[in-house]
Amino acid sequence: MTKFNYENVKLDLDRDKLINRMKTQLSDFRFNHCLRVEKTSRGLAAEYKIDVDRAGLAGLLHDYAKERSDEEFIEVIKSKHLDKNLLNYGNAIWHGIVGAEIIKDELGIYDEDVLNAVRRHTVGSTNMTGVDKCVFVADFIEPERDFPGIDKARKYAEKSIDAAVAFELKHSVAYLVKKNRVIYPTTFDSYNYWIAKGEL
Ligand SMILES: [Fe+2]
Ligand SMILES: [Fe+2]
């Protein structure tokens, strides 16, 4: 396994310990996805001259809470007085926005740039940092991803990270509409903002 050190980020646990914690929380399938997102996110960060350590760490941790129960997420939303509107959604939204709180509490990660990238990895934001963009796009294009449009997504990611973000939001909104799924308001705001930039 490739070794990365997070020299720029203050951590209570080193990467090996974080990895061990993740293994106790995730299926092999999802754990391996997280490793691929870490690597892809670091690659994008290097290419676009973005903070490689933060992009990698947030990529590694982004799905840390994905396999928690709905009950646990609801408990965290209530005990931390997070936006009550979150209760109208589900795991797909919670594992990022609420997951960041779980990561903070269980792994002692307080770096807001890293936590924000986790919060924003499914819904995006109108205010995405470079680190947010790397994780958002890496989650979509990591090497095992395979869906109609993946080649286009990878091409955009090589050409312009902003175009890749816009393409991913367009793809996600279209997918949710097709599946008759509710769409979290931040996702719409992100879509409007990034599409209006005209990168596609
Ligand atoms: Fe996720
Ligand atoms: Fe993911």
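Thresholds, definitions, all that
- Residues numbered from 1 in each chain as written.
- Chains lettered and ligands numbered in written order.
- Predicted model: local features only at pLDDT ≥ 70, side-chain atom pairs only at ≥ 80, totals over all residues.
- Heavy atoms only, no water.
- Helix = DSSP H or I, 4+ residues; strand = E, 2+ residues; numbered from the N terminus.
- 1 Å grid on protein atoms, 1.4 Å probe; cavity = no way out; pocket = protein on both sides within 12 Å on 5 of 7 lines; lining within 4 Å.
- Points joined across faces, edges and corners; volume = space filled by probe spheres on them.
- Nonpolar A, V, L, I, M, F, W, Y, C, P; charged D, E, K, R; others polar.
- Axes fitted to C-alpha atoms, helices over the stretch in contact; angles between N-to-C directions.
- Contact = heavy atoms within 4.5 Å.
- Donors = N, O, S within 2.8 Å, 3.2 Å for Na, K, Ca; no water.
- Tetrahedral: all angles 85-135°; square planar, octahedral: opposite > 155°, others 65-115°.
- Buried < 20%, exposed > 50% of the residue type's maximum accessible area, 1.4 Å probe, protein only.
- UniProt positions renumbered as here; feature names shortened; annotations may be inferred.
- Phe/Tyr/Trp six-rings, centres within 6.5 Å; stacked < 30°, edge-to-face > 60°.
- Lys, Arg positive; Asp, Glu negative; His and termini not counted.
- Salt bridge = Lys/Arg side-chain N within 4 Å of Asp/Glu carboxyl O.

**Notes on the environment of Gly90**
- Secondary-structure assignment places Gly90 in the loop between α4 (70-79) and α5 (91-97).
- With 16 residues separating them in the primary sequence, Gly90 and Ile74 have C-alpha atoms 9.3 Å apart.

**So, the layout of surface pockets**
- Reported here for the largest pocket is a volume of approximately 980 Å³.
- Of all elements in the fold, only α2 (28-47), α5, α8 (130-141) and α10 (161-178) reach the threshold of two or more residues within the lining of the largest pocket.
- When residues of the lining of the largest pocket are assigned to their parent elements, the largest contribution, six residues, is made by α10.
- Taken together, the residues of the lining of the largest pocket sort by class into 14 nonpolar, ten polar and ten charged.

**Some remarks on the packing of helix α6 (residues 99-107) against helix α7 (residues 112-119)**
- Between α6 and α7, the least distance of the axes is 8 Å, while the angle of their chain directions is 145°. Judged by residue contacts, Ala100, Glu101, Ile103 and Lys104 of α6 engage Glu112, Leu115, Val118 and Arg119 from α7.
- Of the residues in the contact of α6 with α7, the class split is four nonpolar, no polar and four charged.

**Digging into the environment of Glu144**
- By the secondary structure assignment, Glu144 is in the loop between α8 and α9 (150-159).
- Here the alpha-carbon distance between Glu144 and Val37, two residues 107 residues apart in the chain, equals 9.9 Å.

**Re the coordination of the iron ion (ligand 2)**
- Coordination of the iron ion (ligand 2) by the protein is provided by His33 (NE2), His62 (NE2), Asp63 (OD) and Asp139 (OD), with metal-donor distances spanning 2.2 to 2.3 Å.
- If you look at the iron ion (ligand 2), its four donor atoms make angles of 81 to 174° with each other, and the shape they trace is irregular.
- Read from N- to C-terminus, the donor residues coordinating the iron ion (ligand 2) fall into the pattern H-x28-H-D-x75-D.
- Residue class for His33 comes out buried when judged on its relative accessible area of 6%.

**A word on the UniProt feature "domain: HD" (unreviewed entry) in the chain**
- UniProt records the feature "domain: HD" (unreviewed entry) for residues 30-144 in the present numbering.
- Between the end C-alpha atoms of residues 30-144 the distance is 12 Å, and the span holds 64% helix and 0% strand.

**A short note on the packing of aromatic side chains**
- Applying the stated criterion across every chain, the model contains five aromatic pairs.
- Their ring planes at 45° and their centres at 5.9 Å tell us that Phe73 and Trp94 sit as a pair that is tilted. Here the residue Phe73 occupies a position in helix α4, and Trp94 occupies one in helix α5, the gap between them amounting to 21 residues. Trp94 shares its class with Phe73; the two are buried.
- Ring geometry for Tyr156 and Phe167: centres 5.3 Å apart, planes at 40°, overall tilted. Taken together, the positions of Tyr156 in helix α9 and Phe167 in helix α10 put the pair eleven residues apart, joining distant regions of the chain.
- Classification of Tyr156 as buried rests on a relative accessible area of 13%.
- The class for Phe167 is buried, based on a relative accessible area of 9%.

**Observations regarding the side chain of Glu168**
- Along the chain, the position of Glu168 falls in helix α10.
- Despite being buried, Glu168 has no salt bridge partner; Arg145 is the closest side chain of opposite charge, sitting 7.4 Å away.
- Filtering out sequence-adjacent residues up to four positions away, Glu168 remains in contact with Phe136, Val137 and Phe140.

**With respect to the coordination of the iron ion (ligand 1)**
- For the iron ion (ligand 1), the full set of protein donor atoms is Asp63 (OD), His95 (NE2) and His121 (NE2), at a range of 2.1 Å.
- Summarised as a motif, the one-chain spacing of the donors to the iron ion (ligand 1) is D-x31-H-x25-H.
- Distance-wise, the iron ion (ligand 2) is placed 3.5 Å from the iron ion (ligand 1), both being coordinated by Asp63. Here Asp63 is found in the loop between α3 (52-61) and α4, whereas its partner His95 is found in helix α5, with 32 residues between them in sequence. Assigned by exposure class, Asp63 and His95 land together as buried.

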